[in-house]
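Each chain, letter by letter, is given below.
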Amino acid sequence: RESNESGAVEGGSFGLVAGRGQADVSRGELRESAGVSFDRSDGFMYDRDFKQATLRSRTALGTRTGLSLSYLWKEFGANNFYGGNAPSREWTNQTLLTADHRFGELGGWSIDGQASYRTHGDRFVFNQLTPALSDNRHRTHAVLVSGNGSRPVAGRGSLTLGLEGGGDWIRSTNLGDHETARISAYGEWRQDVAGVQIESLLRVDTYDEFGTSWNPSLGAGWWATPSVRLRGSVGRAFRVPTFTERYYSDP
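Model, not experiment: these values are computed from the prediction. (Residues numbered from 1 in each chain as written. Predicted model: local features only at pLDDT ≥ 70, side-chain atom pairs only at ≥ 80, totals over all residues. Heavy atoms only, no water.)

Asker: Lay out the packing of aromatic side chains with the relevant residues and their values.
Answerer: Under the defined criterion, the tally for this structure stands at 7 aromatic pairs. Ring-pair connections join several aromatic residues into one group, and the members of that group are Phe-81, Tyr-82, Phe-124 and Phe-126. (Phe/Tyr/Trp six-rings, centres within 6.5 Å; stacked < 30°, edge-to-face > 60°.)

Asker: Requested: an account of the pattern of salt bridges, with residues and values cited.
Answerer: Two side chains with opposite charge may pair up if their charged atoms get near one another. With the rule as written, the count across this model stands at 18 salt bridges. With a shortest N-O distance of 3.4 Å, Asp-135 and Arg-137 are connected by a salt bridge. Classification of Asp-135 as partly exposed rests on a relative accessible area of 28%. Overall, the relative accessible area of 44% leaves Arg-137 in the partly exposed class. Residue Arg-203 is joined to Glu-164 by a salt bridge in which the shortest nitrogen-to-oxygen separation is 2.8 Å. (Salt bridge = Lys/Arg side-chain N within 4 Å of Asp/Glu carboxyl O. Buried < 20%, exposed > 50% of the residue type's maximum accessible area, 1.4 Å probe, protein only.)

Asker: Now, about the pairing of strand 3 (residues 30-41): what can you tell me, with residues and values included?
Answerer: Along any regular strand, the residues point their side chains to alternate faces of the sheet. Here 11 bridges tie strand 2 (residues 16-27) to strand 3, and the two strands are oriented antiparallel to one another. For Asp-24, the partnering residue across the bridge sits in strand 3 and is Ser-33. Hairpin geometry of strand 2 and strand 3 is characterised by an intervening segment of 2 residues between the two adjacent antiparallel strands and by a positive phi of about 65 degrees at Gly-28. The pairing of strand 3 with strand 4 (residues 50-61) spans 12 bridges and is classified as antiparallel. (Pairing = 2+ DSSP bridges. Helix = DSSP H or I, 4+ residues; strand = E, 2+ residues; numbered from the N terminus.)

Asker: Break down unusual backbone geometry for me, citing the residues and quoting the values.
Answerer: Even without a glycine there, the phi angle at Asp-47 is positive, about 60 degrees. In this structure, Asp-47 sits in the loop between strand 3 and strand 4. In this structure, Asn-80 is a non-glycine residue whose phi angle is positive, near 65 degrees. Mapped onto the elements, Asn-80 comes out in the loop between strand 5 (65-79) and strand 6 (87-106). Classification of Asn-80 by relative accessible area gives partly exposed; the value is 38%.

Asker: Before we move on, could you go through the environment of Ile-198 and cite the residues and values that matter?
Answerer: Structurally, the position occupied by Ile-198 is in strand 11 (residues 196-207). C-alpha separation for the pair Ile-198 and Gly-104, spaced 94 residues apart in sequence, amounts to 26 Å.

Asker: So, the pairing of strand 12 (residues 211-225): which residues are in play, and what are the values?
Answerer: Alignment of strand 11 against strand 12, held across 12 bridges, turns out to be antiparallel. Directly across from Asp-205, in strand 12, lies its bridge partner Ser-213. Linking two consecutive strands that pair antiparallel, namely strand 11 and strand 12, is a turn of 3 residues. Both strand 12 and strand 13 (residues 228-235) contribute to a ladder of 8 bridges, which runs antiparallel. Considered in strand 13, the bridge of Thr-225 is made with Val-228. Taking the residues between adjacent antiparallel strands as the criterion, strand 12 and strand 13 are bridged by 2 residues.

And the structure:
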């Protein structure tokens, strides 16, 4: 068993206090890395105080499997920050959980898989003097599962094929309740031709709300000197509008 720990505490003006800790532990094939931090301040004026805490963890089992967790919590005063000369306040939190696994070789293909879940919560009070009239709460969720396989082709080239699927949903007192989902497939080919690296990608996304989008791209890179690389690319992409862009109505 091997371990390594470290920590620090700081202080400053306006009631600033900060602390951080880090620990790395390994035992055989199991390795764990974890860290925590906390910051707070009274602020330079009324209702400009803040508190923030973070937690992160990475667990590795051998060289093939990993699990990561991160969490962020924040509370802060926003006096007149959003206009209206109002003592606003906001609370946010975000959790991200990811897992990855390398399945190994299958018929010349190197197979990998990934999965993730993210949730973000937000509570905003525009005027703390009349919270019932300006209290907005919402939470978003996002899930993604993906897998890909890569193999060498034609000497100094490689081919990667992948599939993805996932969805996003929101529960909000201001934006309402909404969901969206997609499934995607992509293929990427990379090849070194006379010192020029050529990359081509074709991605297809099918959305339950927006239909199907075909997104090709082509790029090339060349080392002009050992320390200078020239690169150019052209492509097409489709960005899904956010829930805020689609459903927010400014009073």
